[in-house]
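Here are the chains, one letter per residue:
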Amino acid sequence: MNILVTGGAGFIGSHIVDAYLARGHQVSVLDNLSTGRREFVPAGIPLYQVDLRDAEAVNAVLAAVRPEIVNHHAAQINVVTSLRDPALDAQTNVLGSINLLQACVAYGVRKIIYASTGGAVYGNPDPADLPVGEDYPLYPISPYGISKHTVEHYLFQTAANYGLSYTTLRYSNVYGPRQNPHGESGVVAIFTDCLLRGEPCIIFGDGTQTRDFVYVGDVVAANVAALERGDNGVYNIGTGVETSVLEVVAALEAAAGRPVAVEYAPPRVGEVYRICLDCSRAERELGWRAQVDIREGVRRTWASFAA
Ligand SMILES: NC(=O)c1ccc[n+]([C@@H]2O[C@H](COP(=O)([O-])OP(=O)(O)OC[C@H]3O[C@@H](n4cnc5c(N)ncnc54)[C@H](O)[C@@H]3O)[C@@H](O)[C@H]2O)c1
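The shown structure was predicted, so the numbers you read here are calculated from the model rather than taken from an experiment. (Residues numbered from 1 in each chain as written. Predicted model: local features only at pLDDT ≥ 70, side-chain atom pairs only at ≥ 80, totals over all residues. Heavy atoms only, no water.)

Visitor: How would you explain the domain arrangement of the chain if you had to name every residue and give the values?
Guide: For the chain, the domain assignment lists domain 1 (2-174 + 214-239 + 277-291) and domain 2 (187-210 + 242-274 + 296-306). Look at where the C-alpha atoms of domain 1 and domain 2 centre, and you get two points 26 Å apart. With 12 residues of domain 1 at the interface, the matching set in domain 2 holds 11 residues. Buried area between domain 1 and domain 2, both sides added, is near 860 Å², and the carbon and sulfur share of it is 62%. Looking at the side of domain 1 facing domain 2, the largest losses of area belong to Leu-130, Ile-141 and Tyr-215, adding up to 44% of the total buried there. For the pair domain 1 and domain 2, the number of links is zero salt bridges. Counting every contact that joins domain 1 to domain 2 gives one residue pair in polar contact (both at pLDDT 80 or more). A total of three residues in the side of domain 1 that touches domain 2 trace back to one element, the largest contributor, which is helix 3 (residues 79-84). Looking at the side of domain 1 that touches domain 2 residue by residue, the class counts come to eight nonpolar, four polar and no charged. (Domains from an automatic or database assignment. Contact = heavy atoms within 4.5 Å. Buried area = accessible area lost by both parts, 1.4 Å probe. Salt bridge = Lys/Arg side-chain N within 4 Å of Asp/Glu carboxyl O. Polar contact = N/O pair within 3.5 Å; in protein donor to acceptor, adjacent residues only side chain to side chain. Helix = DSSP H or I, 4+ residues; strand = E, 2+ residues; numbered from the N terminus. Nonpolar A, V, L, I, M, F, W, Y, C, P; charged D, E, K, R; others polar.)

Given below as structure tokens:
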């Protein structure tokens, strides 16, 4: 298949590019390299350094590539940034995605695979309701959660009106090799990097807050499955297991074979306290299930960062 991966120079997108190439697909990348890195894109793969907010440039990429599938990972990914500058977040994540969808319609794209968030769209669910399924009420508590979810509606209307199909994948907290440790999110990468540099890990709150940490290799497998399955479906992609930040610290200590120094800071505005995703729909309809648990995933992440 001829596939365009937006955000293909980033953490998750670049792993997807590798997997698609390994399966013999023809792959191109659209990325403005704001957080992505050119060296994550394999040599010889067309990399269009284009900003999603530039509709004309996005159209030109679609005209040149003529992809059958668009895998859409380019985004402003930072919850804290979205709180500080919601307009900027919406410009990239909403208006940029609209530009992309319009170009997909104009150039006859068959299917869009969209990276949404299961970590941010459900807000702070009642702990008794965890793990939450896709039909759980959506009350995002950050502009990022709102902007990522808004595009799900645009996908629905685009499919309804223009006949292309989509698969929306709502990831929980993704971690693994190539994650940027210098952002404000991505606790596994940040803590791994702090440990390597001999600096204490800062825990916001008391460390009992939980996330559903899913290894990037498992997320890639969902994106491979979505090439063939899951048309016009929305799927949670996580492990169904709640892991606290303190448990991440313990997994890192086990991986590194040394103690991790921690310091505590006040909880941050806009962050959910406990979240965990019910992923049984993905298992039934995509034939997908997470394979890597937190200890093994942290061990692999540590090994790649320390190499
Ligand atoms: N990392 C997670 O835990 C997680 C969880 C849920 C959803 N997601 C989604 O997965 C996708 C990839 O996230 P990631 O963690 O790999 O982050 P990342 O920052 O590594 O990747 C995002 C990529 O998009 C590019 N980009 C940003 N703004 C752009 C713009 N205006 N035009 C063109 N390219 C632009 C960046 O350069 C980068 O390569 C995002 O859509 C994110 O919302 C990530």
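We are not done yet, so read on.
Visitor: Which residues make up the nonpolar core, and what values go with them?
Guide: Within soluble globular proteins, side chains that are nonpolar tend to cluster in buried spots. Ranked by size, the top nonpolar core spans 64 residues in total, and within it Tyr-20, Tyr-171 and Ile-237 carry the most contacts. Split by domain, the residues of this core number at least three in each of domain 1 (2-174 + 214-239 + 277-291) and domain 2 (187-210 + 242-274 + 296-306). Ignoring sequence-local partners within four residues, the contact set of Tyr-171 consists of Ile-12, Ile-16, His-73, Ala-115, Ser-116, Thr-117, Gly-118, Gly-119, Val-219, Asn-223, Ile-237 and Leu-277. Grouped together as the second largest cluster of nonpolar side chains are 22 residues, Val-61, Ala-103, Cys-104 and Leu-164 included. (Core = buried A, V, L, I, M, F, W, Y, C linked by side-chain atoms within 4.5 Å. Buried < 20%, exposed > 50% of the residue type's maximum accessible area, 1.4 Å probe, protein only.)

Visitor: Lay out the site of the ligand in plain terms, naming residues and giving numbers.
Guide: Within the structure, the ligand sits among 28 residues, and Phe-11, Asp-31, Thr-35, Tyr-144 and Lys-148 are positioned closest to it. In the model, an oxygen atom of the ligand is placed 2.8 Å from a nitrogen or oxygen of the Val-174 main chain. When the ligand is considered free in solution it has 820 Å² of accessible area, and contact with the protein chains removes 94% of it. Residue assignment for the shell around the ligand shows that the elements contributing at least two residues are helix 1 (11-22), strand 5 (111-117), helix 5 (143-162) and strand 7 (173-175). If you tally residues by element for the shell around the ligand, the top one is strand 5, at three residues. Class assignment of the residues belonging to the shell around the ligand gives a composition of 13 nonpolar, 12 polar and three charged. (Near = heavy atom within 4 Å. Areas by Shrake-Rupley, 256 points an atom, 1.4 Å probe, with all protein chains shown as cover.)

Visitor: Kindly report on the packing of helix 6 (residues 187-197) against helix 8 (residues 245-256), identifying the contributing residues and their values.
Guide: Orientation of helix 6 relative to helix 8, taken along the N-to-C sense of each, is 45°, at an axis distance of 11 Å. Of the possible angle classes, the one that applies to helix 6 and helix 8 is oblique. Crossing of helix 6 over helix 8 shows right-handed handedness. Residues Val-187, Val-188, Phe-191, Thr-192 and Leu-195 of helix 6 pack against Val-245, Val-248, Val-249, Leu-252 and Ala-256 of helix 8. (Axes fitted to C-alpha atoms, helices over the stretch in contact; angles between N-to-C directions. Parallel < 35°, antiparallel > 145°, perpendicular 65-115°, else oblique. Left-handed = near helix turned anticlockwise from the far one by under 90°.)

Visitor: Quick one: what's the story with the side chain of Thr-243, residue by residue and with numbers?
Guide: Structurally, Thr-243 is set in strand 12 (residues 243-244). Judged by relative accessible area, Thr-243 falls into the buried class, the value being 6%. The contact partners of Thr-243, leaving out residues within four places of it in the chain, are Gln-209, Thr-210, Arg-211, Phe-213, Val-248 and Ile-294.

Visitor: Can you tell me about the sheet that holds strand 11 (residues 233-237), naming the residues and giving the values?
Guide: Taken in spatial order, the seven strands line up as 3-2-1-4-5-6-11 in an open sheet, and their pairing is parallel. For this open sheet the edge positions go to strand 3 (47-48) and strand 11, each flanked by a neighbour on one side alone. The sheet contact formed by strand 4 (residues 69-72) and strand 5 spans four bridges and is parallel. By the bridge assignment, His-72 is partnered in strand 5 with Tyr-114. (Pairing = 2+ DSSP bridges.)

Visitor: Pulling in residues and values, what's your account of the packing of aromatic side chains?
Guide: Going through the model one piece at a time under the given rule, you end up with three aromatic pairs. Measuring from centroid to centroid gives 6.5 Å for Tyr-122 and Tyr-136, while their planes differ by 70°, and the two rings are edge-to-face. Residue Tyr-122 is found in the loop between strand 5 and helix 5, and its partner Tyr-136 is found in the loop between strand 5 and helix 5; the two are separated by 14 residues along the sequence. Aromatic side chains Tyr-175 and Phe-213 sit 6.3 Å apart centroid to centroid with 80° between the ring planes, which places their arrangement in the edge-to-face category. Of this pair, Tyr-175 sits in strand 7 while Phe-213 sits in strand 10 (residues 213-215), placing them 38 residues apart in sequence. By way of ring pairs, the aromatic residues Tyr-175, Phe-213 and Tyr-215 are connected into one cluster. For Arg-178, the ring lying beneath its charged end belongs to Phe-40, and the centroid distance is 5.5 Å. (Phe/Tyr/Trp six-rings, centres within 6.5 Å; stacked < 30°, edge-to-face > 60°. Lys NZ or Arg CZ within 6 Å of the ring centre and 35° of its normal.)

Visitor: Can you break down the packing of helix 4 (residues 86-106) against helix 5 residue by residue, with the values?
Guide: Following both chains from N to C, one finds helix 4 and helix 5 inclined at 15°, their axes separated by 9 Å at the closest point. Here helix 5 runs roughly parallel to helix 4, going by the angle between their axes. Crossing geometry of helix 4 relative to helix 5 is assigned as right-handed. Facing helix 4, whose interface residues are Pro-86, Asp-89, Asn-93, Val-94, Ser-97, Ile-98, Leu-101 and Val-105, helix 5 presents Pro-143, Tyr-144, Ser-147, Lys-148, Thr-150, Val-151, Tyr-154, Leu-155, Thr-158 and Tyr-162. The residue makeup of the contact of helix 4 with helix 5, split by class, is 11 nonpolar, five polar and two charged.

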